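# Summary of the model geometry
The residues making up each chain are set out below.
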Amino acid sequence: KSNQKVIQKHSLISPTSKGDKILLHFINQSGVKITTSVTEGASLLEVVINKNLDISGFGACEGTLACSTCHLIFDENVYKNLEPIADEELDMLDLAYGLTKTSRLGCQVCVQKWMDGMTVRVPRDVKDLRNVKESAENQ
Amino acid sequence: YLVCMNGVTSVSTLSPPSPASTVGKKKRELLSQDGPDLQDFISGELSEKSQWEEYRGNLKRQKGERLRLPPWLKTEIPIGKNYNKLKNTLRDLNLHTVCEEARCPNIGECWGGGEFATATATIMLMGDTCTRGCRFCSVKTARKPPPLDPDEPYNTAKAIAQWGLDYVVLTSVDRDDLADGGAEHFAKTVSYLKERNPKILVECLTPDFRGDLDAVEKLALSGLDVYAHNVETVRELQRHVRDPRANFDQSLRVLRHAKVAKPSVLTKTSIMLGLGETDAQIYTAMTELRESGVDCLTLGQYMQPTKRHLKVEEYVTPEKFAHWEKVGTEMGFVYTASGPLVRSSYKAGEFFLKNLIRERKTTSD
């Protein structure tokens, strides 16, 4: 039994082989695409924070389901394969700005191998939307 | 926190291992020459106003960039007897301050005591963990923070009275997990304090209690002198900056109701600038606040507390802050404290006492 435990631990810290790295694309609130490569297990919030991705004001409550700042929008085909949503997450998600049918909180979604190559989006910035609207009106 | 001298960050590089004696000698030579001093890392020289006008760094954030701290925002790292004494007193009395929890840059100045020698500290009640996660605030958050300490009102009142302050600011986290949002607990602290020390001036910076006006009333009638509640930002950015459970109209209702419940109370609010608001939006917000009977207004520069929080969109110049102070005074606020490092309770005691003294002088003349 203790041998099994040791083996498990080693597989987590062993050098990555081709299959272990998962490519993720984040589109931030200004529409900029950020690509990063991670190993499975971490939550998307942890990825954004630990990899210092350029997403502003993300994860204010540090993953305790007390805010909705890690709100992410998924593609339909990814969304339907995510773990079912818990009530606590739903409570906070309901309050999120720019909520969509394929929205989840990043702190509750953990990276898995099958997510390789997926793109997630942060809702477009309020300011940016206003700028877009203004420039459209000026034309 | 660390600041750079003239925009240059010093980086130390690791040198390859060499015999201890040579390393020691080399190091000493380097350090004695141009090597940096601790003082070089602490911006001891707060720039003169003339140097601020010369500052050519970018003040408005462009896409993808992070703004550098302009010279007028560099503060001294708090050190010194008074600061340490206060820190120890607070720990001994088991008091939490928002000064520490929210990483306020003025901590050295306020705790050190200003020109009136009034040390101001803002005591945080109901724990150090909030039920909301706002994108500008670094106070800890949890869905269900630890339960309230029922002895806190009594102990806090006793400790503050013991401390011998002239002016104290009490604030709290949001406690949406409690039926009354903690209003009873908060109000009890104030009334116990006033019982022990009737002469002390008490300012309460309160949550919005989710709009529960009975809670607001309970607090307004607790014996406090100043009822403060922060709108934080202009109407248009509320959703972007604050927790979705908070909003501009709700905050205005809180401020209005405090006055209704106790007309003699002074109401106060605070706005952070630099989050992307426009001048017109600030002006409108100030007008709406004045119309809601708010007496005191403070305006300060938003500073990003951690990487989980909003980036600074703009560093507003000291001149611009002075402009808003003028606007506030013209609008009829009892006082408008406006400056990059001004915070809700920054020099609260001093401003209040200064005004009170001025008032008394004019009535006696």
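Residues numbered from 1 in each chain as written. Chains lettered and ligands numbered in written order. Predicted model: local features only at pLDDT ≥ 70, side-chain atom pairs only at ≥ 80, totals over all residues. Heavy atoms only, no water.

Per the secondary structure count, chain B includes 14 helices and 10 strands. Contacts in chain B between residues far apart in sequence, at least 24 positions, make up 75% of those at least 6 positions apart. When the accessible area of chain B is evaluated, it comes to approximately 18000 Å², of which 53% is carbon and sulfur surface. (Helix = DSSP H or I, 4+ residues; strand = E, 2+ residues; numbered from the N terminus. Contact = heavy atoms within 4.5 Å. Areas by Shrake-Rupley, 256 points an atom, 1.4 Å probe, with all protein chains shown as cover.)

All names here are of chain B. Annotation from UniProt places "binding site: [4Fe-4S] cluster 1" (unreviewed entry) at Cys99, Cys104, Cys110 and Ser345. Look at the named residues: they lie 247 residues apart in sequence, but the longest C-alpha span between them is just 10.8 Å, so in the fold they bunch up. With respect to the helices, strands and loops of the structure, Cys99 is situated in helix α5 (residues 98–101). Aside from chain neighbours lying at most four places away, what touches Cys99 is Cys104, Ile107, Trp111, Ala121 and Thr122. Within the secondary structure, Cys104 is located in the loop between α5 and α6 (107–112). When its relative accessible area of 23% is taken as the criterion, Cys104 is described as partly exposed. Apart from the residues within four sequence positions on either side, Cys104 is in contact with Cys99 and Arg343. (UniProt positions renumbered as here; feature names shortened; annotations may be inferred. Buried < 20%, exposed > 50% of the residue type's maximum accessible area, 1.4 Å probe, protein only.)

Our focus in this paragraph is the interface of chain B and chain A. The partner chain A presents 29 residues to the 26 residues of chain B that form the contact. The junction of chain B with chain A conceals about 2300 Å² of combined surface from both sides, 48% of it contributed by carbon and sulfur atoms. A per-residue breakdown of the area chain B buries against chain A is headed by Arg143, Lys307 and Arg308 of chain B, which together make up 32% of the total. Along the contact surface separating chain B from chain A lie 3 salt bridges. Between chain B and chain A we count 15 residue pairs in polar contact (both at pLDDT 80 or more) in total. Of the residues that constitute the side of chain B that touches chain A, the class distribution is 6 nonpolar, 8 polar and 12 charged. (Buried area = accessible area lost by both parts, 1.4 Å probe. Salt bridge = Lys/Arg side-chain N within 4 Å of Asp/Glu carboxyl O. Polar contact = N/O pair within 3.5 Å; in protein donor to acceptor, adjacent residues only side chain to side chain. Nonpolar A, V, L, I, M, F, W, Y, C, P; charged D, E, K, R; others polar.)

With that out of the way, let us pick up the nonpolar core. All names here are of chain B. In terms of nonpolar packing, the biggest core is built from 47 residues, with Trp111, Val168, Leu170, Val202 and Tyr227 touching the most fellow members. Top element by residues in this core is helix α8 (residues 183–196). It accounts for 5 residues. Setting aside anything within four residues of it in sequence, one finds Val168 in contact with Ala121, Ile123, Ile160, Leu193, Ile200, Leu201, Val202 and Glu203. Counting residues in hydrophobic clusters, the runner-up holds 36 residues, among them Leu73, Val234, Leu252 and Met272. (Core = buried A, V, L, I, M, F, W, Y, C linked by side-chain atoms within 4.5 Å.)

Residue and element names in this part refer to chain B. Applying the stated rule across the entire model yields 24 salt bridges over all chains. The closest approach of N and O atoms between Asp208 and Arg132, which form a salt bridge, is 3.0 Å. Here Arg132 lies in the loop between β3 (129–130) and β4 (140–141) and Asp208 lies in the loop between β6 (201–205) and α9 (213–220), a separation of 76 residues in the sequence. Residue Asp208 is classed as buried on the basis of its relative accessible area, which comes to 1%. With a closest N to O distance of 2.7 Å, Asp295 and Lys259 form a salt bridge. With a gap of 36 residues between them, Asp295 in the loop between α12 (279–291) and β9 (296–301) and Lys259 in helix α11 (residues 248–261) connect regions that are remote in the sequence.

What follows deals with the packing of helix α7 (residues 152–163) of chain B against α8 of chain B. Two quantities define a packed helix pair, namely the angle between the helix axes and the distance between the axes. Residue and element names in this part refer to chain B. Packing of α7 against α8 brings their axes to within 8 Å, and their N-to-C directions diverge by 35°. At the point where α7 passes α8, the crossing takes the right-handed sense. On α8, the residues that touch Glu152, Pro153, Tyr154, Thr156, Ala157, Lys158, Ile160 and Ala161 of α7 are His185, Lys188, Thr189, Tyr192, Leu193 and Arg196. Of the residues contributing to the contact of α7 with α8, the split by class is 7 nonpolar, 3 polar and 4 charged. (Axes fitted to C-alpha atoms, helices over the stretch in contact; angles between N-to-C directions. Left-handed = near helix turned anticlockwise from the far one by under 90°.)

Residue and element names in this part refer to chain A. Applying the stated criterion to the full structure yields 0 disulfides over all chains. In this structure Cys110 is a free cysteine whose sulfur lies 9.3 Å from that of Cys107, the closest cysteine sulfur available. Taking relative accessible area as the criterion, Cys110 reaches 36% and is therefore assigned partly exposed. (Disulfide = S-S within 2.5 Å.)

Here the focus is the side chain of Ser222 of chain B. Residues and elements named next belong to chain B. By the element assignment, Ser222 lies in the loop between α9 and β7 (226–228). Judged by relative accessible area, Ser222 falls into the buried class, the value being 10%. Those residues in contact with Ser222 that sit more than four places away from it in its chain are Ala187, Val190 and Ser191.

Taking 1.5 Å of rise per residue, the 14 residues of α8 of chain B would be expected to cover 20 Å, and the 20 Å separating its terminal C-alpha atoms lies within 8% of that figure. For α8 of chain B, the set of buried residues is Ala183, His185, Phe186, Ala187, Thr189, Val190, Leu193 and Lys194 of chain B. (Expected span 1.5 Å × (residues − 1).)

Side-chain positions along a regular strand alternate between the two faces of the sheet. Residues and elements named next belong to chain A. As paired strands, strand β1 (residues 22–27) and strand β2 (residues 33–38) are joined by 6 bridges and run antiparallel to one another. Within β2, the position partnered with Phe26 by the bridge is Ile34. Following β1, the chain reverses through 5 residues before pairing antiparallel with β2; Gly31 in that reversal takes a positive phi of roughly 85°. By the bridge criterion, 4 bridges tie β1 to strand β5 (residues 118–121) in an arrangement that is parallel. Bridging from a neighbouring strand, Leu24 pairs with Met118 of β5. (Pairing = 2+ DSSP bridges.)

This next bit is on the sheet that holds β9 of chain B. All names here are of chain B. Spatial ordering of the open sheet is given by β1-β2-β5-β6-β7-β8-β9-β10, a layout of 8 strands whose pairing is mixed. On the outer flanks of this sheet lie β1 (96–97) and β10 (335–338), each paired with one strand and no other. Bridge analysis of β6 against β7 gives 3 bridges, and the strand direction is parallel. Its bridge partner being in β7, Glu203 is matched across the sheet by Val226.

Now for the packing of aromatic side chains. Centre distance and the angle of the planes are the two values used to describe a pair of aromatic rings. Residue and element names in this part refer to chain B. Across all of its chains, the model carries 1 aromatic pair over all chains by this definition. Both rings, one in Tyr154 and one in Tyr192, keep their centres 6.4 Å apart while their planes meet at 80°; by these two values the pair is edge-to-face. Taken together, the positions of Tyr154 in helix α7 and Tyr192 in helix α8 put the pair 38 residues apart, joining distant regions of the chain. Residue classification places Tyr192 among the partly exposed residues on the basis of a relative accessible area of 28%. When the ring centre of Tyr154 is taken as origin, the NZ or CZ atom of Arg196, which lies over that ring, is 5.3 Å away. (Phe/Tyr/Trp six-rings, centres within 6.5 Å; stacked < 30°, edge-to-face > 60°. Lys NZ or Arg CZ within 6 Å of the ring centre and 35° of its normal.)

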